[in-house]
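Listed below, chain by chain, are the residues.
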Amino acid sequence: MVTGSATRTRAILSARVLILSAGVFLMVVPFAYMFATSLKPNALVLEIPPKLIPHPATTANYTDAWTSNKFGRYFLNSLGVAIATTFFSVWLSSMMAYAFARFSFPGRRILFGLLLIGLMVPTMMLIIPQFILAKNLGMLDSLSGLVFFYTGGTLALNTFLLRSFFQDIPRELEEAMVVDGAGPWKRYLKLILPLSRPALATVGIFSFLASWDEFVWALTVINDPNKRTLPIAIELFQGEHSTSWGLVFAASSIAVVPVLLAFVIFQRQFISGLTTGALKA
Amino acid sequence: MRPFSRRLRTRRSRLTASSSSTSSTGRLERSATALRFGGRTVQSSKRKETLAAYTFLAPGFILFALVVLYPIARAFQISLYHWSIVPGTTSQYIGLGNYTHALHDPIFWRALENTGAYMVFTVPAQIVIGMTVAVLLDARMPARGLFRTLYYLPVVTSWVVVSLLFRYMFITDGGLINFVLHDKLHVIGHNIEWLSHRWSALAVISILGIWKGIGWSMVIFLAALQTVPRELKEAAAVDGAKAWARFRAVSLPAILPVIAFVTVMLVIGGFNVFISVFLITNGGPLDQTQVLLTYMYRQAFSFLDFGYGSSLSFTLTLIVFALSIAQLRLFRRPKDAA
Amino acid sequence: MRFRQTILALGLIVAVAAMAATAGARVATTQSKTTTITFWDAYSSDGPEVKRLEKVLIPQFEKEHPGIKVKDVTIPYDSLHQKLITAVAGSQLPDLVRSDIIWVPELANLGVLQPLDTTLPDFKSISSKVFAGPLATNYWKGHYYGLPLDTNTRIWVYSPLAMQAAGVSAPPKTFAQLQADSATAKGKGAYFYAESGTSCWNICPWIWSNGGSITNGTYTKATGFLNGPKAVQAVQMLVNLYKAGQMPNIVVDSNGGLGTYDGLAQKKYTSMLDGPWSFSIFASAYKNTQLAGTTVPAGPGGSVSVVGGEDIVMTKSSKNKTAAAEFMRFMLHSFAQTQMARAGQMPVLKSSTASLVKIHPYYATYLKQIATAKPRTPTPKWPQIDQVFQTQVAKAFTGDETVQQALTDAAQQIDGLLK
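Parameters and conventions
Residue numbers restart at each chain and count upward from 1, following the sequence in its written direction. Chains carry letters from A onward and ligands carry numbers from 1 onward, assigned in written order. pLDDT decides what is reported in this predicted model: residues at 70 or higher carry local features, side-chain atom pairs at 80 or more are listed and counted, and totals for whole chains, interfaces and linings draw on all residues regardless. Working definition: helices are DSSP H or I runs of at least four residues, strands are E runs of at least two. Numbering for both runs from the N terminus. Counts of 20 or more other C-beta atoms within 10 Å of a residue's own C-beta define buried residues, counts of 12 or fewer define exposed ones, and intermediate counts define partly exposed ones; C-beta atoms are placed from the backbone. For the purpose of contact definition, each residue receives a C-beta atom placed from its backbone, and two residues are in contact when these atoms lie within 7 Å. At least two DSSP bridges between two strands are needed for those strands to be called paired. In this analysis, axes come from line fits to C-alpha atoms, helices being fitted only over the stretch in contact, and the angle between any two N-to-C directions falls in the range 0 to 180 degrees. How far a helix is expected to stretch is found by multiplying one less than its residue total by 1.5 Å. An automatic or database domain assignment supplies the residue ranges for each domain. Asp, Glu, Lys and Arg are counted as charged, while Ala, Val, Leu, Ile, Met, Phe, Trp, Tyr, Cys and Pro are counted as nonpolar; the rest, among them Gly, fall into the polar class. We define a nonpolar core as a collection of buried residues of the types Ala, Val, Leu, Ile, Met, Phe, Trp, Tyr and Cys that are connected via C-beta atoms lying within 7 Å of each other. What pLDDT reports is the predictor's confidence in each residue, on a scale of 0 through 100. Roughly parallel refers to an angle under 35 degrees, roughly antiparallel to one over 145, roughly perpendicular to one between 65 and 115, and oblique to any angle outside these ranges. Left-handed is the label given to a crossing in which the near helix is rotated counterclockwise from the far helix by less than a right angle, and right-handed is the label when the rotation is clockwise.

### Focus: the overall build of chain A
- In terms of helices and strands, chain A carries twelve helices and zero strands.
- The order of α-helices and β-strands along chain A, N terminus first, is α-α-α-α-α-α-α-α-α-α-α-α.
- Evaluated residue by residue, chain A yields a buried proportion of 49% over its 281 residues.
- For chain A, the share of sequence-separated contacts (at least 6 apart) that also reach a separation of at least 24 residues comes to 75%.

### Regarding the sheet that holds strand S9 (residues 269-274) of chain C
Residue and element names in this part refer to chain C.
- Within the open sheet, the four strands sit side by side as S8-S9-S7-S10. Their pairing is mixed. The open sheet terminates on both sides in strands that have one partner only, identified here as strand S8 (191-193) and strand S10 (292-294). Averaged over neighbouring strand pairs, the angle between their axes works out to 25 degrees when direction is ignored.
- With two bridges connecting them, S8 and S9 associate as parallel partners. Across the sheet, Tyr191 pairs through a bridge with Tyr269, a residue of S9.

### Some details on helix H9 (residues 197-213) of chain A
- With 17 residues, H9(A) ought to run about 24 Å at 1.5 Å a step, and its terminal C-alpha atoms sit 24 Å apart, in line with that.
- For H9(A), the buried fraction is high: 16 of the 17 residues fall into the buried class.

### Description of the pairing of strand S1 (residues 35-41) of chain C
Residue and element names in this part refer to chain C.
- Among the seven residues of S1, five are classified as buried, and the element is accordingly described as predominantly covered.
- As judged from the two bridges shared by S1 and strand S3 (residues 96-100), these two strands associate in the parallel manner. For Trp40, the partnering residue across the bridge sits in S3 and is Val97.

### A few points about the domain arrangement of chain C
All names here are of chain C.
- When its domains are assigned, chain C resolves into domain 1 (34-153 + 309-370) and domain 2 (155-305 + 381-418).
- For domain 1 versus domain 2, the separation of C-alpha centres amounts to 29 Å.
- Each partner contributes to the interface: domain 1 provides 14 residues, whereas domain 2 provides twelve residues.
- Among the secondary structure elements, those contributing two or more residues to the side of domain 1 that touches domain 2 are helix H4 (104-110), strand S6 (147-153) and helix H17 (363-370).
- Tallying contributions element by element places H17 first for the side of domain 1 that touches domain 2, with five residues.
- Residues that form the side of domain 1 that touches domain 2 fall into these classes: six nonpolar, six polar and two charged.

### What to know about the nonpolar core
- Counting 299 residues, the largest nonpolar core has A:Met96, B:Phe221, C:Leu96, C:Val235, C:Phe327 and C:Met328 as its most contacted members.
- Look past the residues within four positions of B:Phe221 in its chain and what remains in contact with it is B:Gly130, B:Met131, B:Ala134, B:Ile255 and B:Val258.

### Re the domain arrangement of chain A
All names here are of chain A.
- Looking at the assigned domains, one finds that chain A contains domain 1 (2-44) and domain 2 (61-280).
- Listed as interface residues are seven residues of domain 1 and, on the opposing side, eight residues of domain 2.
- Taken together, the residues of the side of domain 1 that touches domain 2 sort by class into three nonpolar, three polar and one charged.

### A look at the confidence of the model for chain C
Residues and elements named next belong to chain C.
- Chain-level statistics for chain C give a pLDDT mean of 87 and a share of 92% at 70 or above.
- In this model residues 20-31 is a low-confidence stretch, pLDDT under 50, and it forms five contacts with partners more than four residues away in sequence or in other chains.
- The complex model carries a pTM of 0.79, and its ipTM stands at 0.84.

### Quick notes on the sheet that holds strand S11 (residues 307-314) of chain C
All names here are of chain C.
- The strand order across the open sheet formed by five strands is S2-S1-S3-S11-S6, and the pairing between neighbours is mixed. Two strands lie at the open edges of the sheet, namely strand S2 (68-74) and S6, each paired on one side alone. Across this sheet, the average inter-strand angle for adjacent strands is 20 degrees, counted without regard to direction.
- Pairing of S3 with S11 involves five bridges; the strand directions are antiparallel. In the strand pairing of S11, Arg98 is matched with Ile312.

### Some points on the pairing of S11(C)
Residue and element names in this part refer to chain C.
- Of all eight residues in S11, eight are buried; the element is thus mostly enclosed.
- Judged by which residues are buried, S11 turns out to be covered on both faces: Val307, Gly309, Asp311 and Val313 on one side and Gly308, Glu310, Ile312 and Met314 on the other are all buried.
- Here S6 pairs with S11 via six bridges, running antiparallel. In the strand pairing of S11, Thr153 is matched with Val307.

### Some thoughts on the packing of helix H11 (residues 229-243) of chain C against helix H18 (residues 382-398) of chain C
Residue and element names in this part refer to chain C.
- Two numbers describe how H11 lies on H18: the axes approach to 9 Å, and their chain directions differ by 45 degrees. The orientation of H11 with respect to H18, classified from their angle, is oblique. The crossing of H11 and H18 is right-handed. Contact residues: H11 offers Val235, Val239 and Tyr242, while H18 offers Val393, Ala396 and Phe397.
- Tallied by class, the residues present in the contact of H11 with H18 amount to six nonpolar, no polar and no charged.

### Considerations on helix H7 (residues 159-169) of chain B
- Judged by how many residues are buried, H7(B) sits mostly within the fold: ten of eleven residues are covered.
- Taken together, the buried positions of H7(B) are occupied by B:Val160, B:Val161, B:Val162, B:Ser163, B:Leu164, B:Leu165, B:Phe166, B:Arg167, B:Tyr168 and B:Met169.

### Some words on the interface of chain B and chain A
- Every contact between the two is made by 79 residues of chain B and, on the other side, 82 residues of chain A.
- If one sorts the elements of the side of chain B that touches chain A by residue count, helix H3 (residues 42-79) of chain B sits on top with 21 residues.
- Looking at the side of chain B that touches chain A, its residues break down into 55 nonpolar, 17 polar and seven charged.

### Here we look at the environment of C:Leu367
All names here are of chain C.
- For Leu367, the location among the structural elements is in helix H17.
- Judged by the 17 C-beta atoms lying within 10 Å of it, Leu367 is partly exposed.
- C-alpha separation for the pair Leu367 and Thr153, spaced 214 residues apart in sequence, amounts to 8.9 Å.
- With near-sequence residues (within four places) excluded, Leu367 lies in contact with Thr353 and Leu356.

### A look at the environment of C:Ile359
Residue and element names in this part refer to chain C.
- As for its placement among the helices and strands, Ile359 is situated in helix H16 (residues 353-359).
- Separated by 20 residues in sequence, Ile359 and Gln339 place their C-alpha atoms 9.8 Å apart.
- Setting aside anything within four residues of it in sequence, one finds Ile359 in contact with Ala341 and Arg342.

Structure representation (structure tokens):
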């Protein structure tokens, strides 16, 4: 009986891994192609038949991309803006989500509705009013201005997501703290935040990604070449008449690394922690 | 965290002990409210609650109102005018003129169709596949972290890059896809002209959307699945339920609100598709693959007709809003039952 | 918890440091007593033009004009128009812009450009030194709103090896020759002439070479001209080539097909119409393919191609108009023009032509072609007009409408836009 179920479990596990691997292959093939292209000298970018293994392979594109025109600077700019945006966005949206999830107050429905509206309007159309606003606030051509607008833009989604997670946290835990005399801030900091690590991690990753990838707004407000962010730098490799594809893909491969790192770091810390965690009260 | 629960049980027993010893109902009421709000009277604690709520809400909401709500209001105002972009010049007020113009614009209707089609192709696929992968990953297995990271990889790459990548992969002669399908696997008779026809081009754009989005919904579903208490799943297994039945009875109802959320978000995202269409076909050939946002972009930034462009984006918003309300209603009923 | 806090703290430090560093840079420049003029352009960021601009031209200018600093901002071409429009709406335009010639009437019409014929005292003298065609692209409602900076046109660019492999020994000199050669090449399995779109940039050279035109002389009416017999005949010739399978499908749909450059390199195409940049691009990206150039095949109207290029414009909102004017003069001086010529940018200065051919031999053909090249209709609504043109001509190619029908529809719509 025991051996039977053990083999069955192993069989199910192998089946899972197999299906997942097949899916992963499909996920990864375009990247393999992109990575392979980034290793080809520029002239052979579109060759027939397409080869997944570049031959000859060269890292010239990577060195060219990195040394071209302050690329390292743009990388750091994007990194700084993304980290700051993530921090502020997670903090502010978790506070708002806590208010929506746990308190009843006049105007709750309306304010939440306004949040939803913010979620549904395509941001492309807001560029002109936002640009004039940024000008009036003196936030043009500044990285901190970028953080200001990026944070504002991510608040609706993050609050929405966090609110539903907060609502799932059992009220009894919080009420116990109330009995102990804990005020809302203490409850927020000591109970809600620690228990929502996976949600906070998820929201953090989304915010980081949104900021890291954002192109149109950054292009519109940033003029000073020293303040450019990475997506602008990558776009610049596309000329009016031709595109340096090897450089574009090399630069893009470099750009993927920090977000992946953030994902790997945060995922490990928080989702694996959850299985031994508090909700087993 | 375990000490907490022990304290909770002792607190409760001590409380019930104390309340049973009170004589007047007033004191009972007061201690009950003391339990719930930690304040003195119901009224001041209500005010305290409101104040607390606003304190938590204020910083974020003010930023949100400034950066998002105010521009939305301005953009709506712009949509009611024949707007002149040069500051200081007067624009001509035309009320709903831009909106009625859209209703008579055949390209607007085609863009609406295409956007709807994209949504219909990509949203269910992302939910189903994302959920499948999340379920598969919701178990102890080797290289689980690696799998998670690899599935998430497309989400993490910029839309600009993957759009260009897919465009290159689907080139008619010499693209990777036709090469594999035609020259290697011999599944098709001759090279498909993917990007030259409306529906095949939309298929390519949809495949890109699905490929890029699976990891996003997977991550959310996985986090949700992991909050489903293991005892419930194990209890169902002990009862002899098979995997699919277990899933339907235990996990699915528990994460229904998350599914609702993901669906709403994917629909919003689907309607907001822009960069992939812009870079892969730019609405072509001959406006066959226009979606609402690419058409809006052209009106606003190529033709400088911001009033019209704005009206298109608000029409889009209205549709998305209506759809989201409908979806939330749809998902609410079974949840209340459960 | 600890780990996360450390990461967050680290991140914040990086963020603050980055912002402090850039803020510091900003403070430094505002404290100096020099005038800084900002110049927007759309050169490729890793291209030879921007390198020359930043490493040779700007230092030379700043040496000659101590007290003026030039800040060059390179913007991806595809985004430059959008950025300009947003800047107009937000009153954030720079001092100078290297603008595509087709945007100048639009910007002038918005009232954001400085009319140079009234601002520059030496305007007459400068303008006499540049080519007439490119200069005309700056004209709008009685004034000149910019000066030409660089020009280009399309000539018949081909790969001699590919052509020979297709059974044709020399490039065509006439329309009739083109048609014969196309048939020959088809027999050998190659496309003779590849065109990658149906906008005016692509098609107008043929219309003009056939003696047709888009509008009347004062640019107020298209009906009777765009759908006139000569224009229809020219477009019909191309449509016939396409229908006979002698032109690749990228003319109606450039998305999934083989691009002109790749096609030439792979010998699937023998020729295209293109500007001087194609030579530089092939020299660096397609080293195995040699290119040659000749003038566009002549029709009854001669060999007439289309004027492209960029103008340098000064904004009304500029606070440093005198300094900006100095930079403009510098860029139109023979030193700057010759330097940029080395980077593949054709100069607009008449006196530079002698030295041009020494720099790159293919310039000789371009100079010849540009002498007769025509500009596209200078009007603020050009993007819409070009959109109509492109859509209707594509309908003629796909057979959705006959050439005459398609062009008549186009002319009607364009009449409305020209009002």
